[in-house]
Each structure stands twice: as C-alpha cells, then as structure tokens.
Amino acid sequence: MAHYAMLIDAARCTGCAACRVACQLQWQLPPEVFFNRLEFREHGQYPDVRQEIVPVQCMHCDNPPCATVCPTKATYKRADGLVLIDHDKCIGCKYCVVACPYDVRQVNDRGIPEKCRFCAGFIEKGEQPPCASTCMNDVRVFGDLDDPNSAISKKMKTVQVYQLAAEKGTKPRVFYVKRGG
Amino acid sequence: MPKFERWMALPGLLVLAGLAGAGYKLVYGEHALGTTAAVPWGSLIAGYVFFAAAATGVGLVGAAGHYSGRPALAALERPSLFLALSLLLAGFGLIGIELGNPLHMIYIVFSPNLHSGIWWMGLLYSIYMALLVVECYFSQTDPANKNLKFVSALAVVNKVAAVCNLGAIFALVATRPFWHGFYFPLYILLTAILSGAAALAAVMWLSARRRGREADGGVMAALGRIMLAAAAVTLLANAGKVFHGLASGDPALREATAALVNGPLALRFWVLEIGLGLLVPLALLVKPGGGERVFRAAVMVLIGVFFMRLDFVMAGQMVPQVVVAGVQHTLMHAYAPTWTEWALIGGAAGAATLLFAFSEARFDLGAGKTVARGQSLRADASA
C-alpha cells in the first residue's frame, strides 16, 4: 500500500502562483475557489529582512480533525493517506471547515466543502499532481513514502523537516524543509 | 384551526419574511449568507442553538412541575410540552435551511460517525422531539398522567444530554480556543434554563392577556425566581469566562475575549447581552412584583440570550488561526448577518409563536388558571 505525502521546500518558492492556477485548471475551479495558497512570511529586522513564501494546502493529516467531526463520514481518510470528501454524503454542516486548523476548506456553490484532493485518481496512474509538476523550481515533491526509491523518500533522508501547526496533534502528511535561521 | 386574531399578523408577517429568506437561500445557496470560509458558522447556527436550547430549557422547567411538587410549576406542565415542541420545530426548520444538503442527512443513519458531536446532536434532539410528541399525546389522552410521568423521566435525562452535547459541539473544537474546554456544555445548560423560563413566562403572560385575563401570579412568580437565579449565575459565569480569557496565556483566547469586551462585539456584548439580557432583568426580578414585571424581564432575557448565542458563535471564529507561525493577514475576520439570515430567524420566531397558538386552540393545555384583570396578582403570588 502506498503512503502518499508531500515535501515542500518553501525557500525555493518564487511566489508565481502557477501551482494554484494549475490546480484550478485541473479541477475546473472558479477563480475565487482555490485548493492551495501562498503565505508570505517576513524574517529578521531592518536592514536584514528576508521574505519566505510558504505554500499551504490540505495537509492530509493522519489524525484529521475534519474527519473526526464529520457526522456522516463524508470526509474520510483512505488507507493510502489521502483525506477525501464524498459529496453524496455531505450534509453541508461546515463543521469540518470550523475544525480544520489550516483554513484550507472552502464551500462550493452546492454548499459542500472542498479542498486539495492530492489529485486522487490521477496519482494512481503514476502522474504527479499539477501543483508539483507545473512548478518551475521543484518546490513540491510528491510521492510514496513506502517506496524507498521514490523522489520524496530520497529527499526526506537528506533534509530536516517540520510540519505546520504540529502542536495541534494532527500529524500532517505535508512536510516542509527546515532551513537554518 | 385557530381563528385569526389581529396580533397574529406580526408572527404571520415574520413567517412570510422567513419563507422569502428560505426561497432566496434555496436559489443562491451560500451566497445568500454572510458567512465565509473564514467564518463558516453565522447567525443561523446561533439561531438554531438559541431555539434548540430554549426548547430544552422549556422542557426542563416544565419537568420541574413533575418533581418539585409546587402547584405553580405543575401548571406549566402541558404548556411547556407544546411550547418546547414549537421551539424545537422552529429550530429544526432553521438548521434545515442553513445546511447545504439537508436531504443527505439520511447518511446520519447509514454512515454514522460516532465521534462527531453533530451526529449525537441529531440523535439526541430527534429523540427529544419524539419524546415530546409522545408526551403531548399522553397529556391529552391520559388524565392520570401515569404514562406521562414515565416518559417525562426519560425525557429529563435526554434533555440534559442533548443540551450538554449541543455545547460540546463547540467545546470539542480544539482549533477554536474561545469555545474549547469544559465551560460551554455547562454554560449552555444554565442559559437554556434561563431562556426556557423566559420563553414560558412570556408565553404564559401573553396567552392570558389574549383572553383578557391576567396570568396566574404564582406561576409568574415561580418563573421569575427561576430566571432570577439563572440570570445571576449566568452573570457570574460570564465574569469568570471574561477574566479567564483576558488573563489567558493563549493569544487566540485572549484576543477573542478582547473582541467581546473591548472590540467589534463589545457594543452587542455590553448593551444587549449583559445590560438588556441580564442586568436589567435582574433589577426587575429582584423586586417582588406582578406578572407584567416578570414578562418584561422575560422578553429582555430572550433578546439578550439570542445575542449571547450570536456573540459566542462569532467570538470563536473572529480571531484568525495561525497556520504559518509569524503570518497573520488580518486582525479579525469580519461577519455580518444578511437580510436573508434575519428574515429566517424572524420567520422561525414567528413560526414558533403561531405553532404554540395553534396548540392552544386545538389542545387542552390546562393553562386556564388565570385571574380576572384588575384582581390582585400579589395576593395570588404569595398564596
């Protein structure tokens, strides 16, 4: 069984937002709906100030609060690690939107929350999610952590990583490369 | 069918406004609401909590009639059943329209998630409604009240569980520090009793006046005492929440509390929730007096508790979550209810009023114990 995850090297991000546009095209989303976003963070004090651009999306947590609170199991976690939404089961209570610590869920016109799907159905064919494949700087590395020869497994061995809001106990499957300073 | 009376025009108009709001929501979906991805729960959730908690409070105060042995409270037994049912149906209507896909609720049965507070809410409040229907039936068919007493005992356990679980839906959300913790399940139980007693007092007084009579002084005095005690404890609970929040080491909790006492929600909090909803009613109720004084206090309490629910729902979501350490795009998330939301809440209030009026006309609520107008209520109250 695959064990999908994503590694993001935020220091490489130029902020071009091609990942967001590629995702919107992949899923035919209207302009105001997006499954990934860029957070701009400043480091240091004048005159030594730097900017880091942090891509944020659904973390496909191993302990997903959105799935815990869903009354009908419309949000569920697959054995390969993907957290997905069954639109037919969703009652539209938005409890998952309230419970998500990453603010990554958006409600569509049918009253159903939407978020990054890790391109389920697409990745099983061996393809990369468009947010990863379209990036000119290889900011995102997506793959199977159970496969020691996958690009993500190899890179994870060479870098130190951190997770966003790890203190919430959600155990995210999106990892970030830790840089000095 | 009850005969049309002039006063029914107001709740009737509210119902029409609610129907217009419901139609608009059906056509425009989420765009009809002021909610956003950052503030996903708005006034309709607050409105649902208000009606569901008030229905539970009415039921708990009414159940006190069974067990307290006080004749004043026993007179509330039947009206409380029909009022609770009316309020609960209004609340269900409101949440049904708020939900994006209410028809998918069938999956609550076929794909249940026992970890979800909303699943338990669906179960417990469905049981509450079923028990209320059975209680209403027995109240009309079983004069000895043998069956009613048995069902009522079950219902009391269900009511406490349902309203505490309603609080737990908020309290278990670890991502919202203002809601998180043991406080809200107990607080909502307390304020459910407050709003339940207030709803009963308002209805008993209006119902008597409608028939050109004065409400029974003993009943109004008993309800006044319940409201006085509940309002006093609520005031203390609010003080505790505010002091704890402002002194908290958690910035999100501190900022949410500050939003309430000294920020965007401050006017509503101090004027409507604390002033109108608690302090003025306390001042009115602390003096002995007639039913009209209790009625006035009850109306103020109901308005105050509605805004209490709204403020609570808002304060929990206004402070942006820190996803990336050191990044905060906005100081506070904004939210304002749309006309659709106000129309739906007004419609629910109007529908609850008309449903109760219909019950009064159609069934024997035993609310005939009134006093001819002009007779001393004080003497009656002290009896």
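The structure presented is a predicted model; accordingly, all values stated were derived computationally and were not measured.

Draft legend 1. The arrangement of the overall build of chain A in detail. Check the secondary structure of chain A and you find 5 helices and 10 strands. In terms of overall size, chain A behaves like a compact globule, its C-alpha atoms giving a radius of gyration of 16 Å where 181 residues would be expected to give roughly 16 Å. Across its three principal directions, the C-alpha atoms of chain A cover 50 × 40 × 35 Å. If you take every contact in chain A between residues at least 6 apart in sequence, the share linking residues at least 24 apart comes to 57%. Here chain A has roughly 8200 Å² of accessible surface; of this, 50% comes from carbon and sulfur atoms. Distance between charge centroids for chain A: 3 Å, based on 24 positive and 20 negative side chains.

Draft legend 2. Spotlight on the packing of aromatic side chains. Tallied over the full model, the rule gives 26 aromatic pairs over all chains. Ring centres of A:Y4 and A:F142 lie 5.5 Å apart, and the angle between their planes is 15°; on these two criteria the pair is classed as stacked. One end of the pair, A:Y4, is in strand β1 (residues 4-8); the other, A:F142, is in strand β8 (residues 140-144), and 138 residues separate them in sequence. Residue class for A:F142 comes out buried when judged on its relative accessible area of 5%. Ring geometry for B:F170 versus B:F184: centroids 5.5 Å apart, planes at 80°, classification edge-to-face. Residue B:F170 is found in helix α7 (residues 146-171), and its partner B:F184 is found in helix α8 (residues 183-210); the two are separated by 14 residues along the sequence. We classify B:F170 as buried; its relative accessible area is 3%. Grouping aromatic residues by their ring pairs yields a cluster made of A:Y95, B:W41, B:F170, B:F178, B:W179, B:Y183, B:F184, B:Y187 and B:F312. It is A:R117 that lies over the ring of A:W27; its NZ or CZ is 4.3 Å from the centre. Between the NZ or CZ atom of B:K241 and the centre of the ring of B:F178, over which it lies, the distance is 4.4 Å.

Draft legend 3. Broad picture of a nonpolar patch on the surface. Taken together, the side chains of B:Y24, B:L26, B:V27, B:Y28 and B:W339 define a hydrophobic patch exposed on the protein surface, amounting to about 600 Å² of accessible area. In terms of residue count, the dominant contributor to the nonpolar patch is helix α1 (residues 9-28) of chain B (4 residues).

Draft legend 4. Broad picture of helix α1 (residues 18-26) of chain A. Burial in α1(A) covers these residues: A:C19, A:A22, A:C23 and A:Q24. On the buried face of α1(A), the contacting elements are β2 (36-45), α4 (130-133) and β8 of chain A.

Draft legend 5. Main features of the interface of chain B and chain A. With 38 residues of chain B in contact, the opposing surface of chain A contributes 40 residues. Interface of chain B and chain A: buried area, both sides summed, is about 3100 Å²; carbon and sulfur atoms make up 55% of it. The interface formed by chain B and chain A includes 2 salt bridges. The residue A:K94 makes a salt bridge to B:E98 at a minimum N-O spacing of 3.1 Å. Counting across the chain B and chain A interface gives 25 residue pairs in polar contact (both at pLDDT 80 or more). Looking at the side of chain B that touches chain A, the elements that each hand over two or more residues are α5 (107-110), α6 (117-141) and α7 of chain B.

Draft legend 6. Molecular detail of the pattern of salt bridges. Counted by the stated rule, this structure contains 15 salt bridges over all chains. Between A:D62 and A:K77 there is a salt bridge, with the nearest N and O atoms lying 3.4 Å from each other. Of this pair, A:D62 sits in the loop between β3 (48-57) and α2 (65-69) while A:K77 sits in strand β4 (residues 75-77), and the two are 15 residues apart along the sequence. The salt bridge partner of B:R268 is B:D311, with a shortest N-O separation of 2.9 Å. On the criterion of sequence distance, the pair formed by B:R268 in helix α11 (residues 266-286) and B:D311 in helix α12 (residues 291-318) is long-range, its members being 43 residues apart.

Draft legend 7. Just the sheet that holds strand β9 (residues 161-162) of chain A, in detail. Residues and elements named next belong to chain A. The sheet built from 4 strands is open, its strands ordered β8-β1-β10-β9 with mixed pairing. Both edges of this open sheet fall to β8 and β9, since each of them pairs with a single strand only. One ladder, built from 2 bridges, connects β9 with strand β10 (residues 174-177); its direction is antiparallel. Across the sheet, Y162 pairs through a bridge with Y176, a residue of β10.

Draft legend 8. Structural view of unusual backbone geometry. Residues and elements named next belong to chain A. Between Y46 and P47 the backbone carries a cis peptide bond, its omega angle lying at 10°. Even without a glycine there, the phi angle at A165 is positive, about 45°. Examined against the element boundaries, A165 turns out to sit in the loop between β9 and β10. By relative accessible area, which is 8% here, A165 ends up buried.

Draft legend 9. Fine view of the pairing of β3(A). All names here are of chain A. Bridge count for β2 against β3 is 10 bridges, and the pairing is antiparallel. Each residue of the ladder has a partner; that of F40, found in β3, is I53. Count of turn residues in the β2/β3 antiparallel hairpin: 2 residues.

Draft legend 10. Summary view of the packing of α11(B) against α12(B). Residue and element names in this part refer to chain B. The N-to-C vectors of α11 and α12 enclose an angle of 150°; their axes lie 8 Å apart at closest approach. What the angle tells us is that α11 and α12 run roughly antiparallel. The chirality of how α11 crosses α12 is left-handed. Here the contact of α11 with α12 is built from residues that sort into 17 nonpolar, 2 polar and 5 charged.

Draft legend 11. Spatial organisation of the side chain of A:R41. With respect to the secondary-structure elements, A:R41 resides in strand β2. With relative accessibility at 12%, the residue A:R41 sits in the buried group. At 2.9 Å, the side chain of A:R41 and the backbone oxygen of B:A325 are in polar contact. In contact with A:R41, other than residues within four places in its own chain, are A:R50, A:Q51, A:E52, A:V54, A:Y162, B:V324, B:A325 and B:V327.

Cut-offs applied
Residues numbered from 1 in each chain as written. Chains lettered and ligands numbered in written order. Predicted model: local features only at pLDDT ≥ 70, side-chain atom pairs only at ≥ 80, totals over all residues. Heavy atoms only, no water. Helix = DSSP H or I, 4+ residues; strand = E, 2+ residues; numbered from the N terminus. Rg over C-alpha atoms; globule rule 2.2 N^0.38 Å. Contact = heavy atoms within 4.5 Å. Areas by Shrake-Rupley, 256 points an atom, 1.4 Å probe, with all protein chains shown as cover. Lys, Arg positive; Asp, Glu negative; His and termini not counted. Charge placed at Lys NZ, Arg CZ, Asp CG, Glu CD. Phe/Tyr/Trp six-rings, centres within 6.5 Å; stacked < 30°, edge-to-face > 60°. Buried < 20%, exposed > 50% of the residue type's maximum accessible area, 1.4 Å probe, protein only. Lys NZ or Arg CZ within 6 Å of the ring centre and 35° of its normal. Patch = residues over 30% accessible without salt bridge, like charges linked within 9 Å, V, L, I, M, F, W, Y side chains within 5 Å. Salt bridge = Lys/Arg side-chain N within 4 Å of Asp/Glu carboxyl O. Buried area = accessible area lost by both parts, 1.4 Å probe. Polar contact = N/O pair within 3.5 Å; in protein donor to acceptor, adjacent residues only side chain to side chain. Pairing = 2+ DSSP bridges. Axes fitted to C-alpha atoms, helices over the stretch in contact; angles between N-to-C directions. Parallel < 35°, antiparallel > 145°, perpendicular 65-115°, else oblique. Left-handed = near helix turned anticlockwise from the far one by under 90°. Nonpolar A, V, L, I, M, F, W, Y, C, P; charged D, E, K, R; others polar.

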